[in-house]
Amino acid sequence: MLFRISDVTTNSNESATHARLRDEYLRDDRPWVVAYSGGKDSTALLQQVYKLVLELGSRAGKPIHIIASDTKVEAPIVEDYLAASLSAIELHAREHAPSISVHHVQPEPDQTFWTNLIGRGYPPPTRSFRWCTTKIKIRPARRIIEDIAKRYGSVLLLLGTRSAESSSRSQRMEARETNDRGLNPHHEIPNALVFTPIAEWSNDEVWDYLFRNNPAPWGTRHDDMLELYRQANGGECPVVLDLNTPSCGGSRFGCWTCTVVRQDRSMQGFIATGDEWMRPLAEFRDTLKVWRERPEMRESKRRSGEIGPGPFTLAARQQILEALFQVESEVRRKLIDDEELQCIQYHWQREGDATQSALRLAKRYGRIVSEGGQFSMDNLNRELIAELASEYEIQEAWIEELLYLVDQKYPTLAQRGARPALNEDVRFVVEKAVQQEDIAAAP
Ligand code: SF4
């Protein structure tokens, strides 16, 4: 990557952008939302916004929300870099720029990559079935922007998008309808105007700016970011707000699990330049691609009922979860969190797994999944029991008794005589239930 020191103190676009930002800032009270991915373009943008706020001092009252997206499957070193820079910004802003707040948004536990892939059995994404972008990137970021827009009536969304990035992006940017201030309404987020202050900057101008303005106003140096670019050999994944964003699933920083790309060049770059410890992650991603193509690991029907490769079978999902735990132990880093495991268990239970096998598997790998919260087993069991009881028109108590047998009394059938004893107990519960129903139905 070319990275040279300019012999001028500002580039021509820089002064114009600064003036434009200042003008826009002072024009009204509309809050700003700055989409920040930790990549060079959004860093250059955020840095100028931050500088302006510091310059304005006590006149800077407009709320500025920095939103960054954590898909929970980011490449670990990118995730660490983003988390560290967000906490530095937050800490600095608390004291020096209190109108600025930071939001690191994540998908809901029931909508994460793992819950969908391992819990519901979605196949790893492809170009034609890229289910993940909406669930793990677009929705979480949009939810918070929509909340802010609702709270204040409208919002100005600042993006580090540049026309020079690609010709298709440039065409899209040109095609957008702009108002007389050069802003355009977001085509999907109500009451959000889009402002792209560095649209005209070239790649070199961005690097040049970052090099001359190092450290950032919040105190951290850009060295770690430069190192990431050097390792990954260029490219970045911006905050994705709609499906038109081309870099999601391209050969850029993105999810380490991304099976849309043929080769994950950034991950290969990280490994080749010293982060050998991430190799098991790359291998796991490759394995997912292989397993996706194995008919025996897929249901023979789609969820729609159509004949064709459907979701992963329950056995395949168990195999994937086990492989993920193995990778976790190899890289010594948590790759899936407790709430996701509870959601996965919930989906498996709905498909007939009455023995909490996801949680048992977790335990085997030293993961004690905490109970409690929205996705506690108690809550999930209650919901599931109520659904089954209404579907089969039986009392919830009988389902609870049957669950008790398989879950508590006979957690394993390995012991001699356990299977006939379980059959006998099940027969007893069913007979009792039938007798009671008869008594209740008697005239
Ligand atoms: S980077 Fe790949 S896995 Fe991640 S959201 Fe985009 S398409 Fe999906």
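We now turn to the structure provided with this report. (Residues numbered from 1 in each chain as written. Predicted model: local features only at pLDDT ≥ 70, side-chain atom pairs only at ≥ 80, totals over all residues.)

**Notes on helix α3 (residues 76–96)**
And step 1. The terminal C-alpha atoms of α3, which comprises 21 residues, lie 30 Å apart, in line with the 30 Å expected from a rise of 1.5 Å per residue.
And step 2. Buried within α3 we find I77, V78, L82, S85, I89 and A93. The arc that holds every buried residue of α3, seen down its axis, measures 130 degrees, which confines them to one face. The exposed set on the far side of α3, more than 90 degrees from its buried face, consists of R94 and E95. (Helix = DSSP H or I, 4+ residues; strand = E, 2+ residues; numbered from the N terminus. Expected span 1.5 Å × (residues − 1). Buried ≥ 20, exposed ≤ 12 C-beta atoms within 10 Å, placed from the backbone. Arc of directions from axis to C-beta.)

**Digging into unusual backbone geometry**
And step 1. Of the consecutive residues N214 and P215, the connecting peptide bond is found in the cis state with omega at 5 degrees.
And step 2. Position of P215 among the secondary structure elements: in the loop between α7 (203–212) and α8 (223–232).
And step 3. The backbone phi angle of Q356 is positive, close to 50 degrees, even though this residue is not glycine.
And step 4. Within the secondary structure layout, Q356 lies in the loop between α12 (338–350) and α13 (357–364).
And step 5. Among the residues examined, Q356 registers 20 C-beta atoms within 10 Å and is labelled buried.

**Re the nonpolar core**
And step 1. Ranked by size, the top nonpolar core spans 81 residues in total, and within it V33, V34, V49, I66, I145, L157 and L158 carry the most contacts.
And step 2. The element contributing the most residues to this core is helix α5 (residues 132–152), with seven residues.
And step 3. Contact partners of L158, with chain neighbours within four places excluded, come to W32, V33, V34, A35, L45, V49, F195 and P197. (Core = buried A, V, L, I, M, F, W, Y, C linked by C-beta atoms within 7 Å. Contact = placed C-beta atoms within 7 Å.)

**Some details on the packing of α3 against α8**
And step 1. Where α3 meets α8, the axes come as close as 11 Å, and the angle between the chain directions of the two elements is 160 degrees. As the angle between them shows, α3 and α8 are arranged roughly antiparallel. Where α3 crosses over α8, the handedness of that crossing is left-handed. Here I77, V78 and Y81 of α3 lie close against α8, whose contacting residues are D224, M225 and L228.
And step 2. Residues of the contact of α3 with α8, tallied by class, amount to five nonpolar, no polar and one charged. (Axes fitted to C-alpha atoms, helices over the stretch in contact; angles between N-to-C directions. Parallel < 35°, antiparallel > 145°, perpendicular 65-115°, else oblique. Left-handed = near helix turned anticlockwise from the far one by under 90°. Nonpolar A, V, L, I, M, F, W, Y, C, P; charged D, E, K, R; others polar.)

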